[in-house]
Amino acid sequence: MIKTSEGIIVRNEKRKLELRVLSDKIINVFVSDKEEKRKDTIAIERKEYDIPKFTLKEELESILIETNSLKVKIDKNDLSVSFLDKNESIINEDYKGGVKFSETDVRCYKKLREDHFYGFGEKAGYLDKKGERLEMWNTDEFMTHNQTTKLLYESYPFFIGMNDYHTYGIFLDNSFRSFFDMGQESQEYYFFGAYGGQMNYYFIYGRDIKEVVENYTYLTGRMSLPPLWVLGYQQSRYSYTPQERVLKIAKTFREKDIPCDVIYLDIDYMEGYRVFTWNKDTFKNYKEMLKQLKEMGFKVVTIVDPGVKRDYDYHVYREGIEKGYFVKDKYGITYVGKVWPGEACFPDFLQEEVRYWWGEKHREFIKDGIDGIWNDMNEPAVFETPTKTMPEDNIHILDGEKILHKEAHNVYANYMAMATRDGLLRIKPNERPFVLTRAGFSGIQRYAAMWTGDNKSLYEHLLMMMPMLINIGLSGQPFAGADVGGFEGDCNEELFIRWIEAAIFTPFLRVHSAIGTKDQEPWSFGKKAEDISRKYIKMRYELLPYLYDLFYIASQKGYPIMRPLVFEYQDDENTHKIYDEFLLGDNLLVAPIYLPSKEKREVYLPKGIWYDYWTGKEFKGESYYLVDAPIDIVPLFVKKGGILLKQQPQSFVGEKEIKEIIIEIYKGEEGHYLHYEDDGKSFDYTKGIYNLFEIGFKYQGGKIDIKFDRIHSGYEKGVKKYKFVLKNFDEIEEVKINGKKVDKEKCEVIL
Ligand SMILES: OC[C@H]1O[C@H](O[C@H]2[C@H](O)[C@@H](O)[C@@H](O[C@H]3[C@H](O)[C@@H](O)[C@@H](O)O[C@@H]3CO)O[C@@H]2CO)[C@H](O)[C@@H](O)[C@@H]1O
């Protein structure tokens, strides 16, 4: 055994085990049958750790490492590893020697003690993945996504294991195609591994799911605060063309008083699908169009695919060829695949120089008035190949070394998103960039928001939006959404209404639909759908302060914005498998209708008291209820003592100065809330230019004591008036704010 500054290295005649103690609760395990160095992928953001104190005890058969929270036992014979808590209760242990190497793969077997497995990022199907076999290989899956769809666009080789006694996470830091058998093959063990690369995983212990997610994102990084406008409603279609149609859509939103912040331009804005060009026939006057959109308060996001059309007269292709920036085949010849523009080449984003070149290509776009970039087809997808991507033996260069596509594939999109984000940051250094991506790997939250690709206009896909987005959130990516209304197939009035009712509570809210399908704007399905859409989109804008506070928490702790009930109520066993309800933050429970012709649904309310958001009716938790949901109502519940922040809705973010924040306090003995405020655009907050408020209350015998405390003050232009609205309190005799009695009818703070 060798003691290192971070942990230990142990060898037997066949292999080496390197164990690093990265925190009291995070242990990195690297097992190899060769003399090689551990290789972290792009997923790991953290480069330095505050190595905690740990003790080391070597015995005849084993080695014991102990931190403040964990004991790690290593069997000196087979180098298997067990993780125990301080009371010697096993959290997780290798099964029959643990790691196995073979010609085709490397895998690790673990004893199966877990009741549930969550995470795994973007996977179709339900919330709990126990008993399933999953694979990770970024894939453009155009067919219906359902329980049997194994591969989708993004890969997160991360899961959370949980039983009544323990919660932990495992992140397999390996970018090759990976697999996870969570008890399908056996009831005795589960295993995970990859078809290549190393057995390099991080064991992440946590008091509960929350702490595991916090620790996992401590490693893989957290989303930084997005510009406030991307929290608004966004309208997309493949494709809005010509420019007159784009303007017409924009004007209609304003005429019909339906809030909207963003319009997307899909592939038809380009000249022959050549990236970084404009179609001169259909977008003749695109600068003028962008100007007019800006005047109406719209932001514009354009699609940018990785495929560069093979055409020597086209500057991006010519430069790429001349500089040798494209991915090469196994013979070292530039690889050509078929995508939208026909024959195309793919920039090797793994190279820093290529990323810089690509980032600079956005300069003109941004100067002309484009506000955000949508990276699509970045698995990378290639048409008409059996694998739907480029050959696995294609060559990329990473840190000066050749690596094959089979290693680069799953991380390609992260490097592309990095190129885009860094480019936007160079162009406008003090403006928060917005990048949307379809493909990605763990850690993608540091570069881009994501959407779940080509779903269909089906009730099944409305339902699936929930478990998918919830598991993505548990996998460190809080900023996610689905194509609202469904991408492929015709949506209809009822489906659109029900989808909007659910989606306004998802972090990323974009309606998107495919070419040849029925129009999918909020007014495309008649007056009823239009009115209900307006009502809910306005509600989204009303709730923006609450939502932005959740983005702030996500940026600090990595917590999901859209949470499964088990995230907040892990002790309540009934929550463990619920996937068709979710929490927006910890105060608001959303139970969408996801079946046709349904005006009622069963809702489970966890521990505590809950108030029907619409009627105020009180419900006791830990029970199921059949609740009414006529077509214009999505069942919503606020928890006892919950606090919701609202503001006046507007047509787009920044339309009007927000002069007042409404703080709704729902009856309870007490409640707490953290409110964050900044300019919603720049990075000034990193220099302390933001405000942070602690809001709380205590209530007893008709008397309520409200605390409103600015614990950080830095943003002078912040809202000055905070009005408290007391919900569900029967008789209020006395109201105090910060210890001072105030008039019950004028419950407010003016700063
Ligand atoms: O930019 C346009 C849209 O591109 C994406 O969706 C496309 C998807 O990625 C492609 O694979 C393709 O699907 C074809 C499919 O692969 C093929 O087997 C055949 O069935 O025809 C399909 C249709 O051509 O087309 C999709 C678009 O229709 C992206 O996900 C969308 O958001 C973009 O709007």
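Being a predicted model, the structure only gives us computed values, none of them experimental.

Looking at the environment of R11
Looking at the element boundaries, R11 is found in strand β2 (residues 7–11). Accessibility expressed as a relative area gives 42% for R11, which makes it partly exposed. Taking the C-alpha atoms as reference, R11 lies 9.6 Å from S32; in sequence the two are 21 residues apart. The residues contacting R11, other than those within four sequence positions of it, are I2, K16, E35 and L79. A distance of 3.2 Å separates the side chain of R11 from the side chain of E35, its partner in a polar contact.

Concerning the side chain of D94
Structurally, D94 can be placed in strand β9 (residues 90–101). From its side chain, D94 meets the backbone nitrogen of V81 in a polar contact 2.9 Å long. One polar contact links D94 to K110, side chain to side chain, over a distance of 2.8 Å.

A short note on the sheet that holds strand β38 (residues 609–612)
Read from one edge to the other, the open sheet built from 6 strands follows the order β34-β35-β36-β41-β38-β39, with strand pairing classed as antiparallel. The open sheet has two edge strands with one neighbour each: β34 (562–563) and β39 (618–620). Relative to β39, β38 is paired through 3 bridges, and the arrangement is antiparallel. Within the sheet, the bridge partner assigned to W610 lies in β39 and is F619.

Quick look at the packing of aromatic side chains
Counted by the stated rule, this structure contains 70 aromatic pairs. Ring plane angle 50° and centroid distance 5.9 Å describe the contact between W278 and F283, whose orientation is recorded as tilted. The pair W278 / F283 is uniform in exposure class, with both members buried. Seen from their ring centres, Y317 and F326 are 6.0 Å apart, and the 20° between their planes marks the pair as stacked.

Some points on empty space enclosed by the protein
Taken as a whole and judged by the stated rule, the model has 7 cavities of 30 Å³ or more. The computed volume of the largest cavity comes to approximately 130 Å³. In this structure, the largest cavity is lined by 16 residues; those nearest its centre are M223, S224, P226, R421 and P433. A per-class count over the lining of the largest cavity returns 11 nonpolar, 2 polar and 3 charged. Of the volumes computed, that of the second largest cavity is approximately 60 Å³. The wall of the second largest cavity is formed by H145, T452, N455, H461, M464, M465, M468 and A482. Of the residues assigned to the lining of the second largest cavity, the class counts are 4 nonpolar, 4 polar and no charged.

Let's talk about the sheet that holds strand β24 (residues 342–345)
Judged by pairing direction, the sheet is antiparallel, and its 3 strands sit side by side in the order β22-β24-β23 without closing on themselves. Across the chains shown, the open sheet's two edge strands, defined by having one partner strand only, are β22 (308–309) and β23 (337–339).

Concerning the packing of helix α11 (residues 527–542) against helix α12 (residues 544–557)
Each pair of packed helices can be summarised by the angle the axes make with each other and by the distance between the axes. Packing of α11 against α12 brings their axes to within 5 Å, and their N-to-C directions diverge by 55°. Taken together, α11 and α12 sit at an angle that is classed as oblique. Residues R540, Y541 and E542 of α11 form the contact with α12, whose own contacting residues are L544, P545 and L547. Residues of the contact of α11 with α12, tallied by class, amount to 4 nonpolar, no polar and 2 charged.

A closer look at the UniProt feature "domain: DUF5110" (unreviewed entry) in the protein chain
Under the feature "domain: DUF5110" (unreviewed entry), the UniProt entry names residues 660–726. Split by type, residues 660–726 is 0% helix and 61% strand. Its first and last C-alpha atoms lie 16 Å apart.

Points about the layout of surface pockets
Space inside the largest pocket adds up to approximately 1,100 Å³. Considering the residues around the largest pocket, the lining is formed by 43 residues, among which L228, V653, D679, G680 and K681 are closest to the centre. Broken down by secondary-structure element, the contributors of at least two residues to the lining of the largest pocket are α8 (412–427), α12 and β44 (670–677). Broken down by class, the residue content of the lining of the largest pocket amounts to 20 nonpolar, 8 polar and 15 charged. If you add up the space inside the second largest pocket, you get close to 850 Å³. Around the second largest pocket sit 36 residues that line it, and K39, D40, T41, L398 and E407 are the ones nearest its centre.

Quick notes on the confidence of the model for the protein chain
Atomic detail in the predicted coordinates should be set aside for any region of low pLDDT. Here the protein chain averages 97 in pLDDT, while 100% of its residues score no lower than 70. With pTM at 0.98, the complex prediction returns an ipTM value of 0.96.

Observations concerning the environment of K53
Take K53: it is sitting in the loop between β4 (26–32) and β5 (55–58). According to the relative accessible area criterion, K53 is exposed, its value standing at 78%. For the pair K53 and V21, spaced 32 residues apart in sequence, the C-alpha to C-alpha distance is 8.9 Å. Excluding residues that lie within four positions of it along the chain, K53 makes contacts with D24, E66 and T67.

Focus: the site of the ligand
In the vicinity of the ligand, 16 residues are found, and the nearest of them are D140, D266, R438, D454 and H512. One of the side-chain N or O atoms of D266 is found 2.5 Å from an oxygen atom in the ligand. Take H512: an N or O atom from its side chain is 2.9 Å from an oxygen atom of the ligand. Tallied by class, residues from the shell around the ligand come to 10 nonpolar, 1 polar and 5 charged.

Brief notes about the UniProt feature "domain: Glycoside hydrolase family 31 N-terminal" (unreviewed entry) in the protein chain
Feature annotation in UniProt assigns "domain: Glycoside hydrolase family 31 N-terminal" (unreviewed entry) to the following positions: residues 17–181. End C-alpha to end C-alpha, residues 17–181 measures 23 Å, and it is 0% helix and 44% strand.

Looking at the nonpolar core
In this structure, W278, W358, F434, F505, I663 and F724 are the most contacted members of the largest nonpolar core, which totals 196 residues. At 9 residues, the largest contribution of residues to this core is made by helix α9 (residues 459–474). Beyond its immediate chain neighbours, meaning those up to four positions away, I663 contacts I643, L644, L645, I695, F708, Y722, K723, F724 and V725. Listed in part, the 38 residues of the second largest apolar core include I63, L79, V99 and I170.

Concerning the pattern of salt bridges
Applying the stated criterion to the full structure yields 63 salt bridges. The salt bridge involving E141 is made with K388; its shortest N-O contact spans 3.6 Å. With E141 in the loop between β12 (133–136) and β13 (154–155) and K388 in the loop between β25 (372–375) and β26 (395–398), this pair connects stretches of sequence that are 247 residues apart. We note a salt bridge from K367 to E364, for which the minimum N-O separation is 3.5 Å. Here K367 pairs with E364, and both are found in helix α6 (residues 363–368), just 3 residues apart, close to one helical turn. Residue classification places K367 among the exposed residues on the basis of a relative accessible area of 65%. For E364, a relative accessible area of 43% translates into the label partly exposed. Taken together, the shared-partner salt bridges connect K256, K527, E530, D531 and R534 into one network.

Rules used in this analysis
Residues numbered from 1 in each chain as written. Predicted model: local features only at pLDDT ≥ 70, side-chain atom pairs only at ≥ 80, totals over all residues. Heavy atoms only, no water. Helix = DSSP H or I, 4+ residues; strand = E, 2+ residues; numbered from the N terminus. Buried < 20%, exposed > 50% of the residue type's maximum accessible area, 1.4 Å probe, protein only. Contact = heavy atoms within 4.5 Å. Polar contact = N/O pair within 3.5 Å; in protein donor to acceptor, adjacent residues only side chain to side chain. Pairing = 2+ DSSP bridges. Phe/Tyr/Trp six-rings, centres within 6.5 Å; stacked < 30°, edge-to-face > 60°. 1 Å grid on protein atoms, 1.4 Å probe; cavity = no way out; pocket = protein on both sides within 12 Å on 5 of 7 lines; lining within 4 Å. Points joined across faces, edges and corners; volume = space filled by probe spheres on them. Nonpolar A, V, L, I, M, F, W, Y, C, P; charged D, E, K, R; others polar. Axes fitted to C-alpha atoms, helices over the stretch in contact; angles between N-to-C directions. Parallel < 35°, antiparallel > 145°, perpendicular 65-115°, else oblique. UniProt positions renumbered as here; feature names shortened; annotations may be inferred. pLDDT = per-residue confidence, 0-100. Near = heavy atom within 4 Å. Core = buried A, V, L, I, M, F, W, Y, C linked by side-chain atoms within 4.5 Å. Salt bridge = Lys/Arg side-chain N within 4 Å of Asp/Glu carboxyl O.

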